[in-house]
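Fold and contact review
Letter by letter, the chains look like this.
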Amino acid sequence: MKLLSFVQYITVVLVFSLVSACSDDAGVTLHEAHVYKGNVDVHKESAQIREQRLQLRARQVFTDR
Amino acid sequence: MARMKFLCDVDRCTECNACVTACKNENEVPWGINRRRVVVIDDGQPGEKSVSVACMHCTDAPCQAVCPVDCFYTTEDGLVLHDKDLCIGCGYCLYACPFGAPQFPKDDLFGERGKMDKCTFCAGGPEQDHSEEEFEKYGRNRLAEGKLPLCAEMCSSKALIAGDADIISNLYRDRITRRAGRPDYSQDQSTEQSSKQEPPWGWDTAYQKS
């Protein structure tokens, strides 16, 4: 009986260790309605500088024919 | 703050599909996914129209509204982007989107539907700019390089334009003004069928009418 419980214990430990190895990220994101909880999109430039650069680019690229 | 938008001038689009090819090449989009498509209306009929369609980065995006895990976010310049780490691939966004923009890879085992992929306006995603992770998940980040989406930049007829909504709407308004509306084409045609046809673009320029 003791041997059986030891085998069961070992089996449970093995199964849990195997299952936990399936995931590389143990973190859980708890959902909250209408709240974005993903990575933050950080830009190198501020939105205003980017806007100016893109406006200049648009004027260069879309020179109308 | 600028709002980034696409605009396709249907009178200029020649259905060359170069925008589709450019997008796939620039972002290394996998097989089976088209972030951009050219839709032809009344194909083969007189007066057929082609329009290049991708994510239109809606101001009130339905995909964002229906996402059960809220993986979408809107950037300061109005781009609707998403985090693939949060996406569960449910496909609600595909049903909600009026443009069919969300795409789902099916290259996993048993045709399992993968995480959603869509046009990012060449703005990458919520990873570090120009990082390998960003390129693998979302494609090239041209906006961080001060460039506009490649599909629009390389459109040979400049049918597809992209950028600040104020600039592209002014550009389109100028084009419409220069075209000066449609000439009365029906007066020149004898048959009933041809009178229903719209004249080709540039008709009045070529024939100096109206």
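Residues numbered from 1 in each chain as written. Chains lettered and ligands numbered in written order. Predicted model: local features only at pLDDT ≥ 70, side-chain atom pairs only at ≥ 80, totals over all residues. Heavy atoms only, no water.

This part takes up the overall build of chain A. Across its full length, chain A carries two helices and zero strands. Here chain A displays about 5600 Å² of accessible surface, and carbon together with sulfur accounts for 64% of that area. (Helix = DSSP H or I, 4+ residues; strand = E, 2+ residues; numbered from the N terminus. Areas by Shrake-Rupley, 256 points an atom, 1.4 Å probe, with all protein chains shown as cover.)

Below, the discussion takes up the overall build of chain B. Helix and strand counts for chain B stand at eight helices and six strands. The N-to-C order of helical and strand elements in chain B reads β-α-β-β-α-β-β-α-α-α-β-α-α-α. For chain B, buried positions account for 48% of its 210 residues. Looking at chain B alone, contacts between residues at least 24 apart form 51% of all its contacts between residues at least 6 apart. As presented, chain B carries roughly 10700 Å² of accessible surface, and 51% of it is formed by carbon and sulfur atoms. (Buried < 20%, exposed > 50% of the residue type's maximum accessible area, 1.4 Å probe, protein only. Contact = heavy atoms within 4.5 Å.)

Time to look at the pattern of salt bridges. With the rule as written, the count across this model stands at 15 salt bridges over all chains. Notably, a salt bridge pairs Glu32 of chain A with Lys37 of chain A, separated by 3.3 Å at the nearest N-O pair. Residue Lys37 of chain A is classed as partly exposed on the basis of its relative accessible area of 34%. We note a salt bridge from Glu26 of chain B to Arg142 of chain B, for which the minimum N-O separation is 3.2 Å. Of this pair, Glu26 of chain B sits in helix 1 (residues 18-27) while Arg142 of chain B sits in the loop between helix 4 (132-138) and helix 5 (150-153); the two residues are 116 residues apart in sequence, bridging distant segments of the chain. Here Glu26 of chain B falls in the buried class, since its relative accessible area comes to 15%. One network of salt bridges, with partners in common, ties together Arg57 of chain A together with Glu26, Arg140, Arg142 and Glu153 of chain B. (Salt bridge = Lys/Arg side-chain N within 4 Å of Asp/Glu carboxyl O.)

Looking now at a negative patch on the surface. Taken together, Glu15, Asp42, Asp43 and Glu48 of chain B make up a surface patch of like negative charges. Tracing the backbone shows Glu48 of chain B in the loop between strand 2 (37-41) and strand 3 (49-53). (Patch = residues over 30% accessible without salt bridge, like charges linked within 9 Å, V, L, I, M, F, W, Y side chains within 5 Å. Lys, Arg positive; Asp, Glu negative; His and termini not counted. Charge placed at Lys NZ, Arg CZ, Asp CG, Glu CD.)

Okay, the interface of chain B and chain A next. It is common to give the size of an interface as the accessible area lost on bringing the parts into contact. On the chain A side, the residues contacting the 43 residues of chain B number 29 residues. Taking both partners together, chain B and chain A bury about 2900 Å²; carbon and sulfur atoms supply 52% of that area. Its largest share of buried area at the contact with chain A, chain B owes to Asp70, Asp129 and Ile167 of chain B, together 17% of the area lost on that side. Taken together, the links from chain B to chain A amount to two salt bridges. In this structure, Arg50 of chain A and Asp77 of chain B form a salt bridge, with 2.7 Å as the shortest nitrogen-oxygen distance. Scanning the region where chain B abuts chain A turns up 11 residue pairs in polar contact (both at pLDDT 80 or more). Elements with a minimum of two residues in the side of chain B that touches chain A: strand 4 (72-74), helix 5, strand 6 (160-164) and helix 6 (165-179) of chain B. Residue composition of the side of chain B that touches chain A, by class: 21 nonpolar, six polar and 16 charged. (Buried area = accessible area lost by both parts, 1.4 Å probe. Polar contact = N/O pair within 3.5 Å; in protein donor to acceptor, adjacent residues only side chain to side chain. Nonpolar A, V, L, I, M, F, W, Y, C, P; charged D, E, K, R; others polar.)

Once that is clear, we can look at the packing of aromatic side chains. If you walk through the whole model with that rule in mind, you get two aromatic pairs over all chains. Judged by centre distance (4.9 Å) and plane angle (40°), the ring pair of Tyr36 of chain A and Tyr73 of chain B falls under tilted. Placement of the pair is Tyr36 of chain A in the loop between helix 1 (2-20) and helix 2 (47-61) and Tyr73 of chain B in strand 4, with the two residues belonging to separate chains. Given the relative accessible area of 9%, Tyr73 of chain B is considered buried. Geometrically, the ring pair formed by Phe6 of chain B and Phe121 of chain B is tilted, given 4.7 Å between the ring centres and 45° between the ring planes. Here Phe6 of chain B, found in strand 1 (residues 4-8), pairs with Phe121 of chain B, found in the loop between helix 3 (92-96) and helix 4; they are 115 residues apart in sequence, far enough to count as distant. Of the two residues examined, Phe6 of chain B and Phe121 of chain B, each falls in the buried class. (Phe/Tyr/Trp six-rings, centres within 6.5 Å; stacked < 30°, edge-to-face > 60°.)

Here we come to a nonpolar patch on the surface. On the surface, a cluster of nonpolar side chains totalling about 580 Å² of accessible area is made up of Phe6, Val7, Tyr9, Ile10, Val13 and Leu14 of chain A. Its place among the elements puts Val7 of chain A in helix 1.

The next thing to look at is the nonpolar core. The tendency in soluble globular proteins is for nonpolar side chains to be buried as a group. Counting 36 residues, the largest nonpolar core has Phe62 of chain A together with Phe6, Leu79, Phe121 and Leu160 of chain B as its most contacted members. When residues of this core are traced back to their parent elements, those giving at least two are helix 2 of chain A together with strand 1, helix 1, strand 3, helix 5, strand 6 and helix 6 of chain B. Ignoring any residue separated from it by four or fewer positions in sequence, one finds Phe62 of chain A in contact with Leu148, Ala152, Glu153, Lys158, Leu160, Ile161, Ala162 and Leu171 of chain B. Grouped together as the second largest cluster of nonpolar side chains are 11 residues, Ala61, Val80, Phe104 and Met116 of chain B included. (Core = buried A, V, L, I, M, F, W, Y, C linked by side-chain atoms within 4.5 Å.)

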